[in-house]
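The lines below spell out each chain.
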Amino acid sequence: MDASAVIVEAHAQLERLFAAYEGADGGAARVRIFDAIACALGVHETVEGDLLYPALQAQTSRYDGDIRRQLEQAHLLDLLAVELAAMVPADPRYDAKVQVLQQLFRLHVRDEEALILPEVRRRLSPSDREALGRSLLERTRQLTNRPRGGW
Ligand SMILES: [Fe+2]
């Protein structure tokens, strides 16, 4: 699968988890879905930072500023996820913080799909994009199956 399609699908999968969170009934369900969001988000950021961005940077340094901003967004997402992991859903700030996490995630998606992925498609050959897509999927599988070691 083409690398950009892999990334777009990962974004869609996380959006589905956020939608499930909104529809969840009760604190226990929300915590369970938040755990899935935090896990998927952490894996997503890791594979992008380890594989996607370096593949683009190997072709051109022109997008270093955009990539650095994506990494800072990822850092903020991590900070929010860490705070949420230490909170209980009964906390009045819990839902608001999850909403901000979603807003920031949507900013990540918007910027990445508007700025980064078009460059990946332009700069990498179809076969390189296929190979990168396979690596992204494989690494995602490895990290998803690994017991979580915390943040
Ligand atoms: Fe992404």
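Here we summarise the structure given alongside this text. In this text, all values refer to a predicted model and were calculated from it rather than measured experimentally.

Thresholds, definitions, all that
- Residues numbered from 1 in each chain as written.
- Predicted model: local features only at pLDDT ≥ 70, side-chain atom pairs only at ≥ 80, totals over all residues.
- Helix = DSSP H or I, 4+ residues; strand = E, 2+ residues; numbered from the N terminus.
- Rg over C-alpha atoms; globule rule 2.2 N^0.38 Å.
- Buried ≥ 20, exposed ≤ 12 C-beta atoms within 10 Å, placed from the backbone.
- Contact = placed C-beta atoms within 7 Å.
- Core = buried A, V, L, I, M, F, W, Y, C linked by C-beta atoms within 7 Å.
- Expected span 1.5 Å × (residues − 1).
- Axes fitted to C-alpha atoms, helices over the stretch in contact; angles between N-to-C directions.
- Parallel < 35°, antiparallel > 145°, perpendicular 65-115°, else oblique.
- Left-handed = near helix turned anticlockwise from the far one by under 90°.
- Nonpolar A, V, L, I, M, F, W, Y, C, P; charged D, E, K, R; others polar.
- Arc of directions from axis to C-beta.

Within the chain, the secondary structure is distributed over 5 helices and 0 strands. Against the globule reference of 15 Å for 151 residues, the chain gives a C-alpha radius of gyration of 16 Å, in line with a compact fold. Expressed as lengths along the three principal axes of its C-alpha atoms, the size of the chain is roughly 50 × 30 × 25 Å. Here the chain holds 151 residues, and 24% of them are scored as buried. Across the chain, the fraction of contacts at a sequence separation of at least 24, relative to all contacts at a separation of at least 6, is 73%.

Formed by 28 residues in total, the largest nonpolar core has its most connected members in Ala-3 and Leu-52. Broken down by secondary-structure element, the contributors of at least two residues to this core are helix H1 (3–23), helix H2 (27–57), helix H3 (64–85), helix H4 (92–123) and helix H5 (126–145). Residue contributions to this core peak at 8 residues, all from H2.

The next subject is H1. With 21 residues, H1 should cover 30 Å at 1.5 Å per step; its first-to-last C-alpha distance of 31 Å lies within 8% of that length. Buried residues in H1 make contact with H2, H4 and H5.

Packing of H2 against H3 leaves a shortest axis separation of 11 Å and a crossing angle of 160 degrees. Relative to H3, the element H2 lies roughly antiparallel. Our pair here, H2 against H3, has a crossing hand that is left-handed. Across the interface between the two elements, Phe-34, Ala-38, Leu-41, Glu-45, Gly-49, Tyr-53, Leu-56 and Gln-57 from H2 touch Asp-64, Ile-67, Leu-71, Ala-74, Leu-77, Ala-81, Leu-84 and Ala-85 from H3. Here the residues of the contact of H2 with H3 are counted per class, giving 12 nonpolar, 2 polar and 2 charged.

Between the first and last C-alpha of H5 there are 29 Å, a value that for 20 residues agrees with the 28 Å anticipated at 1.5 Å per step. Listed in full, the buried residues belonging to H5 are Arg-129, Leu-132, Gly-133 and Leu-136. On an axial view of H5, the arc spanned by its buried residues comes to 105 degrees, and they lie on one face. Residues of H5 that are exposed and point more than 90 degrees away from the buried face comprise Ser-127, Glu-138, Arg-141, Gln-142 and Asn-145. On its buried side, H5 packs onto H1, H2 and H4.

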